[in-house]
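# Topology and contacts: notes
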Amino acid sequence: MIVTACVNRFPGQVIEERGVEENMSAAKVKMRGKKMRNQPSSVQYVESGTQNGGGSDEGPSSIHPSTKRQTNTHQWGGWVRGHQKDGGGYSREMPNYITAGAFARARAAEVSTMLKAVTRTTGSCHVFGALPKHMRRRAMSHNTKRLPCRLREVANRMRERSLQAGPKKKKKEQAKSKSRKARRRHGNLLLEFNRRQRKNVWLETHIWHAKRFHMVKKWGYCLGNKPTYKCYRSCHRAMSGHCLLQDLSYYCCIELRGEEKKLLASLSQLTSKETELEPKPEKTSDAKQITETKRKRKCKDASGPAAKKILGDGTRSPSTPVTWKSSSNRIVISDLTMEIVRYRLIGPQSFSVLAETMEAATDCNEINISKPSHLWWPEQCKSESKMNLHQQQAHVFHILKGIFLTGELPSGTVLGLTVDDPRLTLPTKKVKALPCVKPAQEMDEKRRELMLQGVPELCCQSDLWEQSVRSNVADNKTSEQELNRMRNEVLVPGSRLSPTPPQGRVPILLVQQPGKQVGNEMRSWGAGWDLLLPKGWGMAFWVPLVYRGVRIGGLNMSLKHSQNKGAPHFPHDYPDCPTGVRFQEEQEAELLAKFKRRPPAKRSNYIKHGCLAPFCCPWQQLSEEWELITRKGEEERRGDCQSTTEADTVMEEMTSYGEITETKPLSRVIVLRNRKSLRLLSGWCRPTTSKGQNSCRVGELPPLDRSAMTVFLTAHRMSLVWVRLSVLCKGKPELHAMLCVPTAEDLNLLKKKRGSSGPQEPPHRDHFKSSVRRRKKEPKKAAESSWCSDNTQGKESVFPTEPNPTTSVVLNSSSSDIILGLWSDPLPSITSNCSRVTLGWVTQGDFSLSAGCGEALGFVSVTALLKTLFNQPMEHRGVLLLRNPTSLHYRFAKINIEV
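Now for a description of the structure that goes with this document. Nothing here was measured: the structure is a model prediction, and the numbers come from that model.

Rules behind the numbers
Residues numbered from 1 in each chain as written. Predicted model: local features only at pLDDT ≥ 70, side-chain atom pairs only at ≥ 80, totals over all residues. Heavy atoms only, no water. Pairing = 2+ DSSP bridges. Helix = DSSP H or I, 4+ residues; strand = E, 2+ residues; numbered from the N terminus. Contact = heavy atoms within 4.5 Å. Axes fitted to C-alpha atoms, helices over the stretch in contact; angles between N-to-C directions. Parallel < 35°, antiparallel > 145°, perpendicular 65-115°, else oblique. Nonpolar A, V, L, I, M, F, W, Y, C, P; charged D, E, K, R; others polar. Core = buried A, V, L, I, M, F, W, Y, C linked by side-chain atoms within 4.5 Å. Buried < 20%, exposed > 50% of the residue type's maximum accessible area, 1.4 Å probe, protein only. Polar contact = N/O pair within 3.5 Å; in protein donor to acceptor, adjacent residues only side chain to side chain.

### Focus: the sheet that holds strand β2 (residues 213–218)
On the basis of which strands lie adjacent, the open sheet formed by three strands has the order β1-β3-β2 and mixed pairing. In the strand order of this sheet, the two ends are held by β1 (201–202) and β2, each with one partner. Where β2 lies against strand β3 (residues 221–227), six bridges are found, and the strand directions are antiparallel. The residue of β3 that forms the bridge with phenylalanine 213 is proline 227. Lying on the sheet, helix α19 (residues 555–565) is in contact with β2 and β3; it crosses β3 at an angle near 65 degrees.

Okay, structure coming up:
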């Protein structure tokens, strides 16, 4: 009975049941093999097909078949792991007989295998693995005598092997980080602040923006791109109804000094419309440099401690700006980059915010005037003429407080002023600045005169342009610690700090920025003021402005501001200047890298969409193609060709374009900026209001006939024109959307149904995809052919393969690094690639909250636009098709050229 119990206690023996193993899954078979790998092969069960009680006489290793598993397929569909409640399906009947010798040998093998597995330690195991957890100590790794006697020998052998292997290569020791208390010391903070802006210069408001904005590195600066919180609509409301604040201190500030006539004569050479725009050279034959142009640190060890916080441009001495002087006209050019802080306030209530934030500087008392002082304002108060000028400027500033809207002033108004430290009047909590609705009646006449004539010329002067004054104001600024001490001593919390410290006067300059100046809608939208300050006073004015309820915008809001104004944004919309070309190349590389990061199955296939250039705008190729099309059409007209409809003519010209061979080099593409020509072209487009609803009044214009078109194209060939498009129905224009010519059927569809969404582009075929698949199969075919050649021992192949000429052309024309979904250079014909002829592309596009519809800004070829307008009927003149790169749907859009 004891032996029988032992038999039932070991159910893990090998069971050869063919039906059961066939039903086993792969995972269960693997697990079973792992469990049974150490079992002896001497003890086996017989097959399930044997009869009960038949026994086996093949040897002493056989056991009675009554100990096999039950063959109930409903209960045992496969091998079951673990203990079962009713015995696991094993037969409860006792075996008739058992061979003791075979059974003992099997159990002995199992016991020895178990002991071997328990006592064996692999190479990766440590001696401590054999110890219980309560005995594991770190000190045992240093002194083996602390280990138990049974493990000391093994530990000593492992220690000897480690010593013979030699010392391991030590990792580079990382510098220990200082404690937070040490890092927050003023000196260490100063060093860290100066060190982190060696590559990219920080603005004075950088830390404020870094806590609230997504920062980007552009133009050698670290700038705020967009806020981390949702504020797109609120920023638009601020620009439309209140005020939006931006830090534009990264703009280069150039100071020109000289006689007014000579300055105007020199600047007219750069702004003339008849001459080509060229960048200003740094060194000319008649110019000599006063100071060094190399902007390097004078400190030998740049990593050494700085004397003070870097203000302004840290790559040169703040007191030594780069200056050039012309020997012919005595004009001096000074680079004041980062020497002057520049803020822009956009919105109708911009001046109301400035009026509540700043107050005109108060005069110094007689005690401070009589004593000699190193401060600039007490010395300024000693001059009677300068104080009279300050009083006039303060009076104008007081009058401007009564003007309700910023756009009511003449564009470009300049006002110089000296104000008190705005931190002295900082409110305890944020309040929204509002205009004065009930101004004094005696100021009405002066206000009207100011609105008509502008600020007097004398009031435009400012001490901000004096280098000594800027340095004096920056060096003697009142610290925040001193201001907090003064606030603590005030009897009424939150009241104004008085008297004003002598060093609390700051010279500023206010420049009025006009809003929208073109078109017939939303006049003066986006007008505001630019606030210019001396360096070091950025945060002293930034925080009080924020406390007046303004919204803060980044680089993306500058782009939206230009888009709503319908004005080109620099450098996005200047494709004919070197900076614009470089920006487009960087933008293309950025968009292409973003496209490559996504897997091919999760990104758009622009070849199937018929989009040749989804990440750039090949303006030069577009202009050259239309120039060649025009020449081909003129040659056909001279041969008295039969005239056809506009769509048929354009498509025929597109078809014949591939046969044109032009050897004469074409000129470089330029943007049309002649206002007289733009007015003429705008009138021919029939300008309308938003969504193309109402036509605008246009003066008398010459009719658009063939002679007028020929004269216009002769003067402005290879030119692009800046246009604004309003989507007539639903749709949101995107970047690099295509502008195409509608066919006669498209215009008939629009005539029948005003709200028609537009036609569809048929899907294109991706030839590169099939070539890439063939290229992937080529290595396999080459391996198979080499294997066949080795087996035949040099015999000729029975089925020789011939190269496919079409495939070879596609593979040879494409680059080695083919990107799925994109056309490779060189691009085919841009104008005739789709079913609709291409005129240009969109550079800015979005849903306009001001117009209530999708609006786009971009460029079209002048030649293409004139040919399209000439062949369109009068009621549909100026209607184009717009299609996004990721869509096959065309949208009807009305084109407007605003002058």
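### Considering the environment of cysteine 364
Here cysteine 364 is to be found in the loop between α11 (350–357) and α12 (366–370). In sequence terms cysteine 364 and proline 501 are 137 residues apart; their C-alpha atoms lie 9.3 Å from each other.

### Remarks on the packing of helix α14 (residues 384–400) against helix α15 (residues 444–453)
It is at 10 Å that the axes of α14 and α15 come closest, and there the two elements cross at 95 degrees. Here α14 lies roughly perpendicular to α15, going by the angle between them. Contacts between α14 and α15 pair His395, Val396, Ile399 and Leu400 from the former with Lys446, Arg447 and Leu450 from the latter. Grouping the amino acids of the contact of α14 with α15 by side-chain chemistry returns four nonpolar, one polar and two charged.

### Some words on the nonpolar core
Judged by nonpolar contacts, the single largest core of 56 residues is most densely connected at Leu681, Trp684, Val721, Leu865 and Leu866. In this view, leucine 866 contacts Leu681, Trp684, Leu704, Met709, Phe712 and Leu713; residues no more than four positions away in its chain are not counted. Core analysis: the second largest hydrophobic core is formed by 46 residues, Met358, Trp376, Ala433 and Ile508 among them.

### Concerning the pairing of strand β4 (residues 244–247)
Residue alternation in β4 divides its side chains into two sets, Leu244 and Gln246 and Leu245 and Asp247, and both sets are buried. Relative to strand β9 (residues 340–346), β4 runs antiparallel, the two being bridged by four bridges. Paired with glutamine 246 across the two strands is arginine 344, which belongs to β9. Two strands pair when backbone bridges link them, and β4 and strand β13 (residues 551–552) are joined in this way by two bridges, in the parallel orientation. Paired with leucine 244 across the bridge in β13 is arginine 551.

### Some points on the side chain of glutamate 855
Note that glutamate 855 resides in strand β18 (residues 853–861). The buried category is assigned to glutamate 855, whose relative accessible area is 9%. At 3.1 Å, the side chain of glutamate 855 and the side chain of arginine 724 are in polar contact.

### Quick look at unusual backbone geometry
Note: most residues except glycine have negative phi, and most peptide bonds are trans. Across the junction of phenylalanine 570 and proline 571, the peptide omega takes the value 0 degrees, indicating a cis bond. With respect to the helices, strands and loops of the structure, proline 571 is situated in the loop between α19 and α20 (578–597). Omega for the peptide link from aspartate 825 to proline 826 comes to 0 degrees, which places this bond in the cis form. Along the chain, the position of proline 826 falls in the loop between α27 (805–813) and β17 (838–848). The phi dihedral of tryptophan 219 is positive, around 55 degrees, even though this residue is not glycine. Residue placement: tryptophan 219 occurs in the loop between β2 and β3.

### Observations concerning the packing of helix α24 (residues 706–715) against helix α28 (residues 862–871)
What describes two packed helices is the angle between their axes and the distance between those same axes. Closest axis-to-axis distance for the α24/α28 pair is 11 Å, and the angle between their directions is 175 degrees. One element, α24, and the other, α28, form an angle in the roughly antiparallel class. From α24, Arg706, Met709, Phe712 and Leu713 reach across to α28, where they touch Val862, Thr863, Leu866, Lys867 and Phe870. Broken down by class, the residue content of the contact of α24 with α28 amounts to six nonpolar, one polar and two charged.

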